[in-house]
Amino acid sequence: MSLMKSDPFGDKKKPLAGLGSVVSGVFHRALVRPTVWKTIDFPSNDAAISCSTRLFKLALAPENGVVPDFKPGQFVYLSFPGRGILASPRPFTIASSPTEKRFIEILAKDTGDWSGNAKTLGIKTPALIWGPYGTFSYLQAPGSGRFVFLAGGIGGAPFLSMLRYMTDADRDARVLFIWGARTRDDMAEKEAILRAGERMSGFRFVPVLSHDPRWAGEHGRVDREKIERLVPAFFGFASDEFEWNSASYRLCGPRDFARDLGEILRDNGVKSAAIHSQSFNR
């Protein structure tokens with residue numbers, strides 16, 4: 001099912017943007033030379049979408065003019081030398097597509113001292129970036145081209161990069177994207193999701209909101225009932241007829257989110273090789 005021209009966020013007046021994702025991994029900054037970048041204004045109106053009250057984003061361009069190759073869903077470590085708390089490198093998922101060769105987009109949640117300071121940065125602020133890192137990209141194991149993306153909270157970031165890439169270079173993929181969050185303000189990059197719905201006939205987006213009284217869609221949390229109902233239906237089967245191993249599953253969210261949903265998938269016979277997880281501390 002395609003989103004076509006509909007707005008799954010149910011809010012045509014308030015674009016959403018911004019998202020930070022701290023991902024697990026081993027950081028060897030002492031052994032890897034960083035590259036020099038700088039903050040920039042977003043080069044196009046398409047990218048310059050206003051941020052919600054909880055989220056914001058940064059655009060960074062490489063000093064040498066060459067955005068390094070990366071796979072959608074990978075992350076980098078980011079530091080702003082001489083900027084106090086911002087000088088300490090932190091991991092962030094790249095939300096832009098590898099097909100974007102001018103800059104990368106970093107999404108951050110507006111909580112804590114780091115984000116409070118980062119929001120005050122002007123353009124042309126020098127930055128250091130290590131990476132890219134990670135093996136979470138769907139390109140690492142494309143399989144049959146049938147995917148289920150399951151995100152919790154800020155865990156939606158790597159899927160935004162993947163959707164942008166698919167929209168440009170892999171439109172035949174079939175993708176069910178289920179994103180659990182408290183409210184619409186905890187989601188990001190509405191334009192990327194809407195564009196995927198317009199250009200990919202095999203894409204469906206299902207927001208699941210737990211604390212949004214205005215929301216008329218799926219409520220509560222991403223749980224067993226929703227998984228066992230939504231996944232088979234997307235692929236055109238009743239729950240007792242669906243072959244769960246016919247798709248590849250990617251989970252990103254808090255540790256308990258990834259653990260619990262992984263268990264639900266395994267209970268339905270999904271082999272471990274078809275489940276790819278990335279988690280973070282709340």
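Right above here is the structure, for reference.
Residues numbered from 1 in each chain as written. Predicted model: local features only at pLDDT ≥ 70, side-chain atom pairs only at ≥ 80, totals over all residues. Heavy atoms only, no water.

(A) Molecular detail of helix α4 (residues 224–234). For α4, the set of buried residues is Lys226, Ile227, Leu230, Val231, Pro232 and Phe234. Where the residues of α4 are buried, they touch β7 (146–152), β8 (174–181), β9 (203–209), β10 (218–219), β11 (248–254) and α5 (255–267). Gly236 lies just past α4 and shows a positive phi near 85 degrees. (Buried < 20%, exposed > 50% of the residue type's maximum accessible area, 1.4 Å probe, protein only. Helix = DSSP H or I, 4+ residues; strand = E, 2+ residues; numbered from the N terminus. Contact = heavy atoms within 4.5 Å.)

(B) Looking closely at the sheet that holds strand β4 (residues 90–93). An order of β4-β3-β6-β1-β2-β5 is seen for the six strands of this open sheet, with the pairing classed as antiparallel. For this open sheet the edge positions go to β4 and β5 (104–109), each flanked by a neighbour on one side alone. Across this sheet, the average inter-strand angle for adjacent strands is 40 degrees, counted without regard to direction. Bridge count between strand β1 (residues 35–40) and strand β2 (residues 55–62): four bridges; the pairing is antiparallel. (Pairing = 2+ DSSP bridges. Axes fitted to C-alpha atoms, helices over the stretch in contact; angles between N-to-C directions.)

(C) Quick peek at the side chain of Asp212. Tracing the chain through its elements places Asp212 in the loop between β9 and β10. Using a relative accessible area of 7% as the deciding quantity, one classes Asp212 as buried. With sequence-adjacent residues up to four places away left out, Asp212 is seen in contact with Arg182, Thr183, Arg184 and His219.

(D) The sheet that holds β9, seen in detail. What the six strands build is an open sheet, ordered β10-β9-β8-β7-β11-β12; its pairing is parallel. Across the chains shown, the open sheet's two edge strands, defined by having one partner strand only, are β10 and β12 (275–280). In terms of strand pairing, β7 meets β8 through seven bridges, oriented parallel. What sits directly across from Arg146, in β8, is Arg174. Sheet strands in contact with α4 are β7, β8, β9, β10 and β11, and its direction is about 155 degrees off that of β8. Sitting on the sheet, α5 touches β7, β11 and β12, and the angle it makes with β11 is about 150 degrees.

Keep in mind that these numbers describe shape and distance, not what the molecule does.
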